[in-house]
Amino acid sequence: MAFDFQGIATQFVTHYYTTFDTDRKSLAGLYRDNSMMTFESSQSLGAASIAEKLANLPFQKVKHHFDTADAQPTATGGIVILVTGQLLVDEEANPLKFSQAFQLVQDAGGQWFVFNDIFKLVFG
């Protein structure tokens with residue numbers, strides 16, 4: 001491959017969850033007006049709508065731990081990432097399992113951004 005897609009994915013995932021856990025409103029800069037997020041079957045289109053959705057999630061504190069972050073390059077020069085892990089919200093003692101998929105693409109300036117984001121809690 002012409003670029004280190006796994007390295008970019010690992011850096012992105014580490015940055016994403018660190019930022020989510022400390023100041024999730026700051027994640028807005030990772031999205032663009034044509035980005036889409038599906039969070040537990042609820043879709044949001046555009047950076048402003050996604051930032052609003054993230055800011056209004058029904059918990060105050062969260063701590064993510066990702067177990068895997070598998071990545072592949074796309075045919076159009078992007079990166080698909082599948083993350084699995086656990087998260088703790090507020091004062092809960094039992095972690096919740098989650099899966100999250102991202103598609104990263106580059107804008108005209110060469111900056112990576114989240115084009116697609118799908119988050120799902122895993123029960124059972």
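Procedures and definitions
All residue numbers refer to position in the chain's written sequence, counted from 1. Residues qualify for local features only when their pLDDT is at least 70, as the model is predicted, and side-chain atom pairs are given and counted only at 80 or more; totals for whole chains, interfaces and linings, by contrast, use all residues. Water and hydrogen atoms were dropped before computing side-chain values, which therefore reflect all heavy atoms in the structure. Side-chain atoms within 4.5 Å are what join buried Ala, Val, Leu, Ile, Met, Phe, Trp, Tyr and Cys residues into a set we call a nonpolar core. The buried label applies to any residue whose accessible area, calculated with a 1.4 Å probe on protein chains only, is under 20% of its type's maximum; exposed applies above 50%, and partly exposed to all values in between. We count a stretch as a helix when DSSP gives it H or I for four or more residues in a row; a strand needs E for two or more, and each element gets its number in order from the N terminus. Every residue pair with non-hydrogen atoms within 4.5 Å of one another is taken to be in contact. Two rings belonging to Phe, Tyr or Trp (six-membered ring only in the last case) form a pair when the distance between their centres is within 6.5 Å. Interplanar angles under 30 degrees mark stacking, angles over 60 mark edge-to-face geometry, and anything in between is tilted. Expected helix span is taken as 1.5 Å per residue step, with the number of steps being one fewer than the number of residues. UniProt positions are given in the numbering used here, feature names are shortened, and annotations may be inferred rather than shown by experiment. When DSSP locates at least two bridges between a pair of strands, those strands are taken to pair.

Asker: Explain the nonpolar core residue by residue, including any values.
Answerer: With 30 residues, the main nonpolar core has Phe-12, Tyr-16, Tyr-31, Ile-81 and Phe-102 as its most contacted residues. Residue assignment for this core shows that the elements contributing at least two residues are helix 1 (5-23), strand 1 (31-39), helix 2 (47-55), strand 3 (62-73), strand 4 (79-89), strand 5 (96-106) and strand 6 (112-122). Sequence-distant contacts of Tyr-16, defined by excluding residues within four places in its chain, comprise Leu-27, Leu-30, Tyr-31, Gln-100, Phe-102 and Asp-117.

Asker: Please provide a residue-by-residue account of the packing of aromatic side chains, values included.
Answerer: To describe a pair of aromatic rings, you give the distance between the ring centres and the angle between the ring planes. Per the counting criterion, the structure on display carries 11 aromatic pairs. Ring geometry for Phe-12 versus Tyr-16: centroids 5.7 Å apart, planes at 40°, classification tilted. Of this pair, Phe-12 and Tyr-16 both sit in helix 1, separated by 4 residues, roughly a single helical turn. An identical accessibility class is assigned to Phe-12 and Tyr-16; each is buried. Aromatic pair Tyr-16 and Tyr-17: ring centres 5.1 Å apart, planes at 85°, arrangement edge-to-face. Considered together, Tyr-16 and Tyr-17 belong to a single accessibility category, that of buried residues.

Asker: So what about helix 1? Which residues, and what values?
Answerer: For helix 1, built from 19 residues, the straight-helix expectation of 27 Å at 1.5 Å per residue is met to within 8% by its first-to-last C-alpha distance of 26 Å. For helix 1, the complete set of buried residues consists of Phe-5, Ala-9, Phe-12, Val-13, Tyr-16, Tyr-17, Thr-19, Phe-20 and Asp-21. Contacts from the buried residues of helix 1 go to strand 1, helix 2, strand 3, strand 4, strand 5 and strand 6.

Asker: Would you mind going over the UniProt feature "domain: NTF2" (unreviewed entry) in the protein in detail, with residue names and values included?
Answerer: Feature annotation in UniProt assigns "domain: NTF2" (unreviewed entry) to the following positions: residues 8-121. Span residues 8-121 is 22% helix and 50% strand, its end C-alpha atoms 25 Å apart.

Asker: Now, about the pairing of strand 4: what can you tell me, with residues and values included?
Answerer: Moving residue by residue along a regular strand, the side chains alternate between the two faces of the sheet. Side chains of strand 4 alternate between two faces, with Ile-79, Ile-81, Val-83, Gly-85, Leu-87 and Val-89 buried and Val-80, Leu-82, Thr-84, Gln-86 and Leu-88 left unburied. Pairing analysis gives 11 bridges linking strand 3 to strand 4, with the strands arranged antiparallel. Within the sheet, the bridge partner assigned to Ala-71 lies in strand 4 and is Ile-81. Here strand 3 folds back onto strand 4, and the loop between the two strands holds 5 residues, one of which, Gly-77, carries a positive phi near 90°. In this structure, strand 4 lies alongside strand 5, joined through 9 bridges in antiparallel fashion.

Asker: Explain the environment of Met-37 residue by residue, including any values.
Answerer: Relative to the assigned elements, Met-37 resides in strand 1. C-alpha separation for the pair Met-37 and Ser-49, spaced 12 residues apart in sequence, amounts to 9.1 Å. Among all residues touching Met-37, those that are not within four sequence positions of it are Tyr-31, Ser-42, Gln-43, Ser-44, Ile-50, Lys-53, Leu-54 and Asp-117.

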